[in-house]
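Residues per chain are reported as follows:
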Amino acid sequence: MLNLKIEEILIQAQKSGWVMEPEAKRLLSMAGIPVPALKWIKTESGALQAARSIGYPVVAKVVSPEILHKSDIGGVVVGIDDDARLSEVYRRFSAMKGFAGILVEEIVTGMEMIVGAKIDYQFGPVVLVGIGGTGVEVYGDTALRMAPLNENDVSSMLSSLKGAALLKGHRGSQPVSISALIRLVMDFSALVMDLSDHIESIDLNPVKCTRDKCVVADARILLPKP
Amino acid sequence: MFHPETIAVVGVSLTNDRHPANVIYNKIHLRYPVKVYPVNPRGGFLQSNRVYPSIGDIPSAVDLAVIAARAEFVEEILKACIEKGVGGAVIVSGGFAESNRTDLQKNLVCLAREADFPFIGPNCLGIYAPNRFDTFFLPGERIIRPNPGSVAIISQSGGVLVDQMVKFSEQGVGLSLAVSIGNKALIRELDLIHHLDQDPDTRVIALYIEGFEKNEGRLFVETVRGIQKPVIVLKAGKTAEGSRAATSHTASLAGDYRVFSEVLAQQGILEARNEFEMVSFCESLSCYHRPISGNIGIITASGGHGVLASDACTTHGLSVPQLGDADRAGIRESLSERLRAIASLQNPIDLTGSAEDDDFVAAATGLSQVPGIDCVILLLLPYSPGISSDLGARMSYIFRGQNKPLIAYVPHHEKYRMLIEGFELNNVPVASSIDGAVLMAEALRRCRPC
């Protein structure tokens, strides 16, 4: 069921062994998974134009096949308010190794979740859901199941989390849309089943969830070693 | 091959009585209701029985060949088995994949696949079928032999299997079949699960697994999902992790063992974390075949035991609900007059050291009738003077009357043997510790088909 455009993205990424964020998000959005409004631009003037059309403030991320962990080297800047700041960021990014453009993106907020998958040697595609963000490995609050998942699977995964109460709104914080989250995880599970021969793992981290939607703020797709 | 009437043991030594093949031949010849033929290319006589030079020379049909010859001879022996129309083989011999002779092993598999000939091993102990036959090259007097029963064990490790048999025997768990699959070159866990699913003697399937081949785990859970018998797995090798862990959050959070464990749980396959859990789960699921929701009633003769058991229930995801006034009054009414004043009828019900058989029977009957309770744990301290050896048998009738599983704890000492057997022979599981009793209840809560 793999469509040609998705296949093309994966073929393009084979050289570096992973799919860069703008392409990963394009792939996800073709599978019906919500991503922010974004533009992948290779010139400074184009970046400014993109930011104006998306509307400030925006996020900027460096795009490079050689940079897997963008935030480790200052390759992610949030809350850019105007042209001057964006120009400055663009120039800094353009000096980074393997520079292949800048990703200008709408700012999305919400509770941070992780949705991930890996192709397990013994069990094939498995899907993970949990409390996301940069502390994901510290807290390790995730649930894991063999794909494909149905609605009951996802729902019981979410209620098995230690942080399940946070999803329902805890001490005045906004609850998140459980139905949007379940929808996203099920679409993701279906995508992972289709891609199982072509990928090694996928991290959607964070997925930002609010009371009316869940959007993938960052995505990384690793391909199997040839 | 699991119900042979005739067995050939290939590779017996004419000079060395302690050769593994001779040990196997002797035990089958002397102790089992099976006709057995020794095979050695040199022919001659073994203990005045004729030795056949080849399997083809045996005058009758052969249901099972046990092959304990050197690795390089096994291929030829297998060919002879196929030609003779033998039912199947257990290849005890080592010296294959485990010693970097994958080539020899591959040849056997190709040969067997082509002829549709089943074999177990190589590098294994093979089959143990209580009171029928076994292919273990361990002298009978050295191993502990569990009674026939309804639990089948499949193990990649022969050593772990023999040790589990010791534990089963100590704990009074009966065995339907034990199979050590060694290198599992041809017959693997899945094939045996298919067989055991159809085996009327087997109620519970227990496995010791080190690892699966690529995607075999997925096939395993999909197969087990279609089986109406509880499957219990003890996994070895829990610490090995994926190599690219650092690059992906998911890969680092979903290590090999975590995936194994969570996928099994997702499919309702019971994972035992250690041997103790394994034996406890097997005992309980061999006695009771219906899942419970996990509301436990506890009866004890000592307050402390009651509290320890409640704590253990909570730790293992079971609840110990309070009893209503009417239920308590009913149970109090049924106790002997002497006890009515001193027994505490919260849950746990503490009948005190003054309780006698009749009080235990009355309390267990009453507790089993409470709709909110779906399993009763009975903590019996046989040093209480009011408890007799008849109690086990009497208690077992309660389950049959109320259909709520009863689990007993009795300290396992020779002195209390008759009390313990009163339970066990009447199909009530008896744990040797409080934790063991709670694990037995946990097994009933966690299993999907029971």
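This one's a predicted model, so the numbers in the text were calculated from it and none came from an experiment. (Residues numbered from 1 in each chain as written. Chains lettered and ligands numbered in written order. Predicted model: local features only at pLDDT ≥ 70, side-chain atom pairs only at ≥ 80, totals over all residues. Heavy atoms only, no water.)

**What to know about the nonpolar core**
Short version of the rule: Throughout, nonpolar core names a set of buried Ala, Val, Leu, Ile, Met, Phe, Trp, Tyr and Cys residues whose side chains join them through atoms within 4.5 Å. Each residue is assigned to one of three classes by its accessible area relative to the maximum for its type, calculated with a 1.4 Å probe on protein chains only: buried under 20%, partly exposed between the two thresholds, exposed over 50%. Helix numbers and strand numbers start at the N terminus; a helix is a DSSP run of H or I with at least 4 residues, a strand a run of E with at least 2. We call two residues in contact whenever any of their non-hydrogen atoms come within 4.5 Å of each other.
Membership of the largest hydrophobic core comes to 145 residues, with the highest contact counts inside it found for Phe123 of chain A together with Val9, Phe220, Ile299, Leu351, Phe360 and Phe423 of chain B. Ranked by residues supplied to this core, first place goes to helix α16 (residues 434-446) of chain B with eight residues. Apart from residues no more than four positions distant in its own chain, phenylalanine 360 of chain B is found in contact with Ile299, Ala301, Leu351, Ala355, Leu378, Leu380, Ile387, Leu391 and Met395 of chain B. Counting residues in each nonpolar core, the second largest holds 45 residues, with Ala24, Leu27, Leu149 and Val154 of chain A among its members.

**Describing the environment of alanine 164 of chain A**
Residue and element names in this part refer to chain A. Tracing the sequence through the fold places alanine 164 in helix α7 (residues 164-167). Residue classification places alanine 164 among the buried positions, given a relative accessible area of 11%. Sequence separation between alanine 164 and aspartate 141 is 23 residues, and the spatial gap between their C-alpha atoms is 9.6 Å. Non-local contacts of alanine 164, meaning those with residues more than four positions away in its chain, are made with Leu158 and Ser159.

**Notes on the domain arrangement of chain A**
Residue and element names in this part refer to chain A. Worth spelling out the cut-off: How far each domain reaches was decided by an automatic or database domain assignment. The buried area of a pairing is the accessible area, by a 1.4 Å probe, that goes missing from both parts when the two are put together, added over both. The working definition used for a salt bridge is a side-chain nitrogen of Lys or Arg within 4 Å of a carboxyl oxygen of Asp or Glu. Pairs of N or O atoms are called polar contacts if they sit within 3.5 Å, as long as, within protein, a hydrogen donor faces a hydrogen acceptor (for residues adjacent in sequence, only side-chain-to-side-chain pairs). Each residue gets one of three labels, nonpolar for Ala, Val, Leu, Ile, Met, Phe, Trp, Tyr, Cys and Pro, charged for Asp, Glu, Lys and Arg, and polar for the others, Gly among them.
You can read the domains of chain A as domain 1 (38-106) and domain 2 (109-222). Using only C-alpha atoms to locate each centre, domain 1 and domain 2 end up separated by 27 Å. Interface area for domain 1 against domain 2, summed over the two sides, is near 340 Å², with a carbon-plus-sulfur share of 32%. Of all residues in domain 1, Lys61, Leu68 and Lys70 bury the most surface against domain 2, accounting for 71% of the area lost on that side. Counting across the interface, domain 1 meets domain 2 through one salt bridge. Linking domain 1 with domain 2 are two residue pairs in polar contact (both at pLDDT 80 or more), by the criterion used here. When grouped by side-chain class, the residues that make up the side of domain 1 that touches domain 2 number one nonpolar, one polar and three charged.

**Quick look at the packing of helix α9 (residues 275-287) of chain B against α16 of chain B**
All names here are of chain B. The condition is simple: Note on geometry: axes are lines fitted to C-alpha atoms, helical ones only across the stretch in contact, with angles between N-to-C directions running from 0 to 180 degrees. By definition, turning the near helix anticlockwise from the far helix through less than a right angle yields a left-handed crossing, and turning it clockwise yields a right-handed one.
Their axes nearest at 8 Å, the elements α9 and α16 cross at an angle of 60°. α9 and α16 meet at a crossing whose hand is right-handed. Contacts between α9 and α16 involve Phe276, Glu277, Ser280, Phe281, Glu283, Ser284 and Leu285 on the former and, on the latter, Asp435, Gly436, Leu439, Met440, Glu442, Ala443, Leu444 and Arg446. Split into classes, the residues belonging to the contact of α9 with α16 amount to seven nonpolar, three polar and five charged.

**What to know about the interface of chain B and chain A**
The interface is formed by 30 residues belonging to chain B together with 34 residues belonging to chain A. Summed over both partners, the interface of chain B with chain A comes to about 2600 Å²; 54% of that surface belongs to carbon and sulfur atoms. In this structure, the connection of chain B to chain A is made through one salt bridge. Its salt-bridge partner being lysine 118 of chain A, residue aspartate 256 of chain B comes within 3.7 Å of it at the nearest N-O pair. The interface formed by chain B and chain A holds 18 residue pairs in polar contact (both at pLDDT 80 or more) in total. At the level of secondary structure, the elements contributing two or more residues to the side of chain B that touches chain A comprise α6 (216-225), α7 (249-253) and α8 (256-266) of chain B. Counting residues per element, the side of chain B that touches chain A draws most heavily on α8 of chain B, at eight residues. Across the side of chain B that touches chain A, the residue classes break down as 10 nonpolar, 11 polar and nine charged.

**Looking at the side chain of threonine 135 of chain B**
All names here are of chain B. With respect to the helices and strands, threonine 135 occurs in the loop between β9 (133-134) and β10 (148-155). In terms of polar contacts, threonine 135 uses its side chain to reach the backbone carbonyl oxygen of leucine 125, at 2.7 Å. Once residues lying within four places of it in the same chain are set aside, the contact partners of threonine 135 are Ile24, Leu64, Val66, Val90, Val92, Leu125, Gly126 and Ile127.

**Considering the confidence of the model for chain A**
A low pLDDT means the predicted coordinates there should not be read in detail. The condition that has to hold: Within a predicted model, pLDDT stands for the predictor's per-residue confidence, ranging from 0 to 100.
Model confidence for chain A is summarised by a mean pLDDT of 94, while 99% of its residues fall at 70 or above. Averaged over each element, pLDDT in chain A is lowest for helix α5 (residues 136-139) of chain A (87) and highest for strand β10 (residues 214-216) of chain A (98).

**Structural notes on the packing of aromatic side chains**
So the rule is basically this: For Phe, Tyr and Trp, rings pair up if their centres lie within 6.5 Å, where Trp contributes its six-membered ring, and each pair is then called stacked (planes under 30 degrees apart), edge-to-face (over 60) or tilted (otherwise).
Per the stated rule, a full pass over the model turns up seven aromatic pairs over all chains. When the ring of phenylalanine 123 of chain A is compared with that of phenylalanine 260 of chain B, the centres are 5.7 Å apart and the planes differ by 80°; the resulting orientation is edge-to-face. Here phenylalanine 123 of chain A is found in the loop between β6 (111-120) and β7 (124-131), whereas its partner phenylalanine 260 of chain B is found in helix α8 on a different chain. For the pair tyrosine 128 of chain B and phenylalanine 136 of chain B, a centre-to-centre distance of 5.5 Å together with 50° between the ring planes defines the contact as tilted. Judged by its relative accessible area of 2%, tyrosine 128 of chain B falls in the buried class. The class of phenylalanine 136 of chain B is buried, set by a relative accessible area of 0%.

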